[in-house]
Amino acid sequence: MLPSGYPILKRFWYCIAPSATISDKPFPFTLLGEAIVLWRDSEGRVRAVKDRCLHRTAKLSLGTIENGNIVCPYHGWTFSGTGQCVRVPQDVIEKPNPFGVPAYHCAERYNHVWVALEDPIHDIPEIAEFSDAGYRQVIEFREVWSANPQRIVENSFDPAHIAFVHKNSFGTSDPSIDPFTLTETEDGFIFENDIRVLNPEHMKDALAIEEDETRRHSYNRFYLPFSRVGRIVYPTGLENILCTFLTPIDDTRTQFIQWVMRNDTEAEVSAEKVIAFDRLITNEDKDILESTDFNVPLDNSEGVELHMVADRPGMLMRKMLRRLAQAG
Ligand code: FES
Ligand SMILES: [Fe+2]
């Protein structure tokens, strides 16, 4: 599976950037190989259209925003947030109907901007804690990884890599796999387990736990195609909910967006410490994931990989995506 071979992927919401990043200046982005441009219109609504002028193909993202519309930098043709061409400063020979560029679905949720290239099959994942005053949001990362989004999301549900990839952070030296459960949902599944983890000196601050070792209960939710909302609960009652959204840029690049929801306060653990903890762990994952093949076989027709019991969540994801592609 390379993203370009699965047009069904256009029918999902993808997280593009924190809301504060999108202003009345054009913001170019590449989603599933499609060059798009985002901006805020005069009402403050986020808009996204194809980043290619229909006159002589110039990039609209090099233009400007005027009265909420985007103006092509080449000859000034102007497009509204729905993609309609609303102004041609010269005499145009022919005006097709419709007269404009493709526009895409936009949404703002969880202080982030989301885009779907085609009618989305499922809604943006529900994160109830976002509107619960007992939780705060710590925005962590927006960066580009050189890896397939399927590999990155599978890794978030892979209990076997912890003893190896995270041996310098929270992983114990015990490679055995604790029991886990998998429960299928309409748009993904729920993975649950309970594991022993190390709490080395350099990580203690972020958890506010003194012991050198602790346990974490994971209620890790997968959402098709490449999202996870993973609640980790520590014995102290601390909840750290990892919200990780993978956005396919093209067949070799994925945007990694992550924030956490926590039920503690800034005075107890600063956002800086929360981010430093996840930076360490995320870099451990990134280094290994960027070494993997870009193609991920969803079944044997796309290539052969060997599996173990701990790969069951990843295998279920592949099956769900294949099923969806066949149906779609
Ligand atoms: S290329 Fe955009 S107006 Fe000419
Ligand atoms: Fe990991």
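Every value quoted in this text rests on a predicted model; they were computed, and no experiment measured them. All residue numbers refer to position in the chain's written sequence, counted from 1. Going through the entries in the order they are written, you letter the chains from A and number the ligands from 1. Under the rules for a predicted model, residues below a pLDDT of 70 receive no local features and side-chain atom pairs below 80 are neither given nor counted, while totals for whole chains, interfaces and linings still include all residues. Heavy atoms from the whole structure form the basis of all side-chain values; hydrogens and water molecules are not counted.

S.K.: For this particular structure, what's the right way to read the sheet that holds strand β13 (residues 188-198)?
M.R.: Pairing between the strands of a sheet is mediated by backbone hydrogen bonds and can be parallel or antiparallel. One requirement defines pairing of two strands: DSSP has to find at least two bridges between them. Starting at the N terminus, helices and strands are each numbered in turn, a helix being any DSSP run of H or I of at least four residues and a strand any DSSP run of E of at least two. An order of β11-β17-β16-β15-β14-β13-β12 is seen for the seven strands of this open sheet, with the pairing classed as antiparallel. The sheet is open, and its two edges are formed by β11 (136-145) and β12 (180-185), each paired on a single side. Along the sheet, successive strands turn relative to each other by an average axial angle of 20 degrees, direction set aside. The pairing of strand β16 (residues 239-248) with strand β17 (residues 254-262) spans nine bridges and is antiparallel. Residue pairing for β17: T247 is matched across the bridge by Q255. A fitted line through C-alpha atoms serves as each axis, taken over the contacting stretch for helices, and the angle formed by two N-to-C directions is quoted from 0 to 180°.

S.K.: How should I be thinking about the pairing of β13 in this particular structure?
M.R.: In regular strands, side chains alternate between the two faces of the sheet. Across six bridges, β12 lies against β13 in antiparallel orientation. Within the sheet, the bridge partner assigned to T181 lies in β13 and is E192. Remark: two residues form the turn of the hairpin made by β12 and β13, two consecutive strands paired antiparallel. In the sheet, β13 pairs with strand β14 (residues 213-223) via 11 bridges, with the strands oriented antiparallel. Bridge pairing in β14 links L198 to E213.

S.K.: What should I look at first to understand the packing of aromatic side chains in this one?
M.R.: Pairing of aromatic rings covers Phe, Tyr and Trp, the last counted by its six-membered ring, and requires centre-to-centre distances within 6.5 Å; plane angles under 30 degrees mean stacked, over 60 mean edge-to-face, and any other angle means tilted. Considering all chains together, one arrives at 13 aromatic pairs under this definition. Relative to F191, the ring of F157 has its centre 6.2 Å away and its plane inclined at 85 degrees; by these criteria the two rings are edge-to-face. Residue F157 is located in the loop between α1 (149-155) and α2 (162-165), and its partner F191 is located in strand β13; the two are separated by 34 residues in the primary sequence. A positively charged side chain is recorded as over a ring if its NZ (Lys) or CZ (Arg) lies within 6 Å of the ring centre. The angle to the ring normal must also be within 35 degrees. Over the ring of F170 we find R216; its NZ or CZ atom is 4.3 Å from the centre of that ring. In this structure, R279 packs its charged tip against the face of F141, placed 4.3 Å from the ring centre.

S.K.: When you look at the nonpolar core in this model, what are you seeing that I'm missing?
M.R.: What tends to happen in soluble globular proteins is that the nonpolar side chains get buried as a cluster. Residues belong to a common nonpolar core when they are buried Ala, Val, Leu, Ile, Met, Phe, Trp, Tyr or Cys residues joined through side-chain atoms within 4.5 Å. We call a residue buried when its accessible area falls under 20% of the maximum for its residue type, exposed when it is over 50%, and partly exposed in between, using a 1.4 Å probe and counting protein chains only. Among the nonpolar cores identified, the biggest contains 43 residues, and L31 and L38 are the most heavily contacted of them. Residue contacts are counted whenever heavy atoms from the two residues lie within 4.5 Å of one another. When sequence neighbours within four positions are dropped, the list of residues in contact with L31 reads Y14, I16, I36, V115, L117, T247, P248 and I249. By size, the runner-up hydrophobic cluster in this structure holds 18 residues, among which are V138, L238, V269 and V274.

S.K.: Sorry, what's going on with the sheet that holds strand β6 (residues 69-71) here?
M.R.: Taken together, four strands build an open sheet; the order of strands is β5-β6-β7-β8 and the sheet is antiparallel. In this open sheet, the two strands that pair with only one neighbour each are β5 (64-66) and β8 (85-87). Relative to β6, β5 is paired through three bridges, and the arrangement is antiparallel. Within β6, the position partnered with T64 by the bridge is V71.

S.K.: Sorry, what's going on with the state of the cysteines here?
M.R.: Each disulfide consists of one covalent bond between the sulfur atoms belonging to two cysteines. Cysteine sulfur atoms that pair up within 2.5 Å are treated as a disulfide. Within this structure, the stated rule accounts for zero disulfides. Lacking any disulfide linkage, C15 is separated from the closest cysteine sulfur, that of C243, by 10 Å. Of the residues examined, C243 reaches a relative accessible area of 0% and is grouped as buried.

S.K.: Which parts of the structure should I look at to understand the domain arrangement of the protein chain?
M.R.: The accessible area lost on association of the parts is a frequent measure of interface size. Domain ranges listed in this record stem from an automatic or a database domain assignment. Segmentation of the protein chain into domains returns domain 1 (9-116) and domain 2 (128-327). Measuring from the centre of the C-alpha atoms in domain 1 to the corresponding centre in domain 2 gives 33 Å. In this assembly, 18 residues from domain 1 lie in contact with 18 residues from domain 2. Carbon and sulfur atoms make up 74% of the area that domain 1 and domain 2 hide from each other, which totals about 1,500 Å². Criterion for a salt bridge: a side-chain nitrogen of Lys or Arg within 4 Å of a carboxyl oxygen of Asp or Glu. Where domain 1 meets domain 2, there are zero salt bridges. Where the side of domain 1 that touches domain 2 is concerned, the elements lending two or more residues are β1 (14-18), β2 (27-31) and β10 (112-116). Of the residues forming the side of domain 1 that touches domain 2, the biggest block, five residues, is contributed by β1. All residues other than Ala, Val, Leu, Ile, Met, Phe, Trp, Tyr, Cys, Pro, Asp, Glu, Lys and Arg, Gly among them, are scored as polar; the first ten of these are nonpolar and the last four charged. Class assignment for the residues of the side of domain 1 that touches domain 2 results in 13 nonpolar, five polar and no charged. When two parts are brought into contact, each loses some accessible area as probed by a 1.4 Å sphere; the total of that loss over both is the buried area.

S.K.: Just checking my understanding: could you explain the coordination of the iron ion (ligand 2) for this structure?
M.R.: Around a metal, the idealised angle for a tetrahedral arrangement of four donor atoms is 109.5 degrees; for an octahedral arrangement of six donor atoms it is 90 or 180 degrees. The donor definition counts N, O and S atoms within 2.8 Å of each metal and applies 3.2 Å to Na, K and Ca; water is not among these atoms, so some sites may look incomplete. At 2.1 to 2.6 Å from the iron ion (ligand 2) lie its protein donor atoms, namely H161 (NE2), H166 (NE2), D285 (OD) and D285 (OD). Metal sites are grouped by the angles between bound donors: all angles between 85 and 135 degrees with four donors is tetrahedral, opposite donors over 155 degrees apart with the others between 65 and 115 is square planar for four donors and octahedral for six, and any other pattern is irregular. Given four donor atoms and angles of 55 to 148 degrees at the metal, the environment of the iron ion (ligand 2) is assigned as irregular. Between consecutive donor residues of the iron ion (ligand 2), the sequence gaps follow H-x4-H-x118-D. Residue H161 is found in the loop between α1 and α2, and its partner D285 is found in helix α4 (residues 271-289); the two are separated by 124 residues along the sequence.

S.K.: Sorry, what's going on with unusual backbone geometry here?
M.R.: The general pattern is negative phi for most residues beyond glycine and trans for most peptide bonds. Look at the link from N97 to P98: it is a cis peptide, with omega at 0 degrees. Backbone torsion omega between L224 and P225 reads -5 degrees, so that peptide bond is classified as cis. Its identity as a non-glycine residue notwithstanding, L32 has a phi of 50 degrees, on the positive side. A positive phi is found at A208, a non-glycine position, where the angle reads about 55 degrees. Mapped onto the fold, A208 is located in the loop between α3 (204-207) and β14.

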